[in-house]
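Summary of the model geometry
The lines below spell out each chain.
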Amino acid sequence: MTAGGYVGRFAPTPSGPLHLGSLLTATASWLDARARNGRWLLRIDDVDAPRQAPDAEAAILRSLRRHGLAWDGPVVRQSGLRSHHRAALRRLGGHVFACRCARRELRGLERYPGTCRNLSLPHAGNAIRVRAEDQPRTFTDRLQGRSPTTAEKGDFIVWRRDDLPAYPLAVVADDHAMGVTHVVRGADLLDNTPRQLHLLSRLGIQAPSYAHIPVLVTASGEKLSKHNGVTALDDQAATLNLAAVLGLLGLDPPAGRTCPARLLEWARPRWRVSRLPRTRTIEGFTALE
Ligand code: GLU
């Protein structure tokens, strides 16, 4: 889709409206792209229908617009990329196998014990796992540095029993289809990244550059979630929200920037991923209280 240059993206799951935490991720990824004159794409990760909330997508698009976070091109929907997911699964060829183990049978195990590895079960009606050696797979994250060093926990699921792609397969196929070169996302996804790198290497796709930014937590250390109900963004307070988020990103806008576009214009040349703390979480919910 692109011939060189920076391509970033924001990929919310439409399980609810944006909250301050997702605005933080969106703003960081937008600034990272725009500071390099890159493209910034919007993908709605809607392949898992039961996790979706009615009207969430419309609310997300509205909030992004109100906060001045304009995206390039049409909105991409993960559900429109199914052929890419299936093609990626096919390309994994002999590296995958069907698994009929129930979740409860594996509960408490450190790693998948390889139960179905050599059973040649039919794919239909079963989950599909990719073989993964227990090799440490480290990578250098632009913010978090060399991480993580934990070994893979054995063969992992790439296709679910309910015939949907599992997150690591879907995300690598989607990002590749969209020509994404730079991923800026929450550090809650850091631990999944070695799986994605494993798939990328099996698929012969060059890995994007990653920056995993801290996830916003409440004063008691809880991740802000679309489900805890207290944090849906108030679009009427877009300027205030954005100023708070910029503060959390290590940018303190001077008073007087009276609209989101002006704030972003001020922040864009000042953005440095290194201004962020190299932690997985930041306590920021109090910023708007
Ligand atoms: N859709 C995922 C989420 O909302 C993010 C995917 C990604 O950035 O890799 O958590």
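Notes on the structure follow. (Residues numbered from 1 in each chain as written. Predicted model: local features only at pLDDT ≥ 70, side-chain atom pairs only at ≥ 80, totals over all residues. Heavy atoms only, no water.)

**Observations concerning the packing of aromatic side chains**
Put simply, the rule is: Note on aromatic contacts: the rings of Phe and Tyr and the six-membered ring of Trp form a pair at centre separations within 6.5 Å, being stacked when their planes are under 30 degrees apart, edge-to-face when over 60 apart, and tilted otherwise. Each helix is a run of H or I in the DSSP string that is no shorter than four residues. Each strand is a run of E no shorter than two, and both are numbered from the N terminus. Buried, partly exposed and exposed residues are distinguished by accessible area as a fraction of the type maximum, computed with a 1.4 Å probe on protein chains only: under 20%, between the cut-offs, and over 50%, respectively. Charge over a ring is defined by NZ of Lys or CZ of Arg lying within 6 Å of the ring centre and within 35 degrees of the ring normal.
Enumeration over the complete set of coordinates arrives at three aromatic pairs. Between Phe139 and Tyr210, the aromatic rings sit 5.7 Å apart at their centres with planes inclined by 70°, giving edge-to-face as the arrangement. In this pair, Phe139 sits in strand E6 (residues 139-141) while Tyr210 sits in strand E10 (residues 209-213), placing the two residues 71 residues apart along the sequence. Residues Phe139 and Tyr210 agree in their burial class; the two are buried. Its guanidinium or amino end placed over the ring of Tyr112, Arg129 lies 3.9 Å from that ring's centre, counting from NZ or CZ.

**Thoughts on the sheet that holds strand E3 (residues 76-77)**
Formally: If DSSP finds at least two bridges between two strands, the strands pair. In what follows, a contact means two residues having at least one pair of non-hydrogen atoms within 4.5 Å. Lines fitted to the C-alpha atoms define the axes, with helices restricted to the stretch that makes contact. Angles between their N-to-C directions range from 0 to 180 degrees.
Ordered by their spatial adjacency, three strands build an open sheet running E1-E2-E3, and the pairing between neighbours is parallel. Both edges of this open sheet fall to strand E1 (7-10) and E3, since each of them pairs with a single strand only. Across the sheet, helix H1 (residues 20-35) lies against E1 and strand E2 (39-44), angled at about 150° from E2, the strand it touches most.

**Describing a positive patch on the surface**
Cut-off, in case you're wondering: Think of a patch as exposed residues, more than 30% relative accessible area, with no salt bridge, where like charges cluster within 9 Å and nonpolar side chains (Val, Leu, Ile, Met, Phe, Trp, Tyr) cluster within 5 Å. Residue burial considers only the protein chains on display, and all accessible areas are found by Shrake-Rupley using a 1.4 Å probe. When a carboxyl oxygen of Asp or Glu is within 4 Å of a side-chain nitrogen of Lys or Arg, the pair counts as a salt bridge. Counting rule applied: Lys, Arg positive; Asp, Glu negative; His and chain ends not counted. Charge positions are represented by NZ for Lys, CZ for Arg, CG for Asp and CD for Glu.
A surface patch of positive charge is lined by Arg257, Arg262, Arg270, Arg272 and Arg275. With respect to the secondary-structure elements, Arg257 resides in the loop between helix H7 (238-248) and helix H8 (260-267).

**What about the nonpolar core?**
The condition is simple: Working definition of a nonpolar core: buried Ala, Val, Leu, Ile, Met, Phe, Trp, Tyr and Cys residues. They are joined through side-chain atoms within 4.5 Å.
In this structure, Leu24, Leu31, Trp40, Leu64, Leu69, Leu249 and Trp271 are the most contacted members of the largest nonpolar core, which totals 41 residues. Of all the secondary structure elements, the ones that give two or more residues to this core are H1, E2, helix H2 (56-66), E10, H7 and H8. For this core, the element with the most residues is H1, which contributes eight residues. In this view, Leu64 contacts Phe10, Leu18, Ala26, Trp40, Leu42, Leu69 and Trp71; residues no more than four positions away in its chain are not counted. Membership of the second largest hydrophobic core comes to 30 residues, among which are Leu89, Phe139, Ala177 and Leu203.

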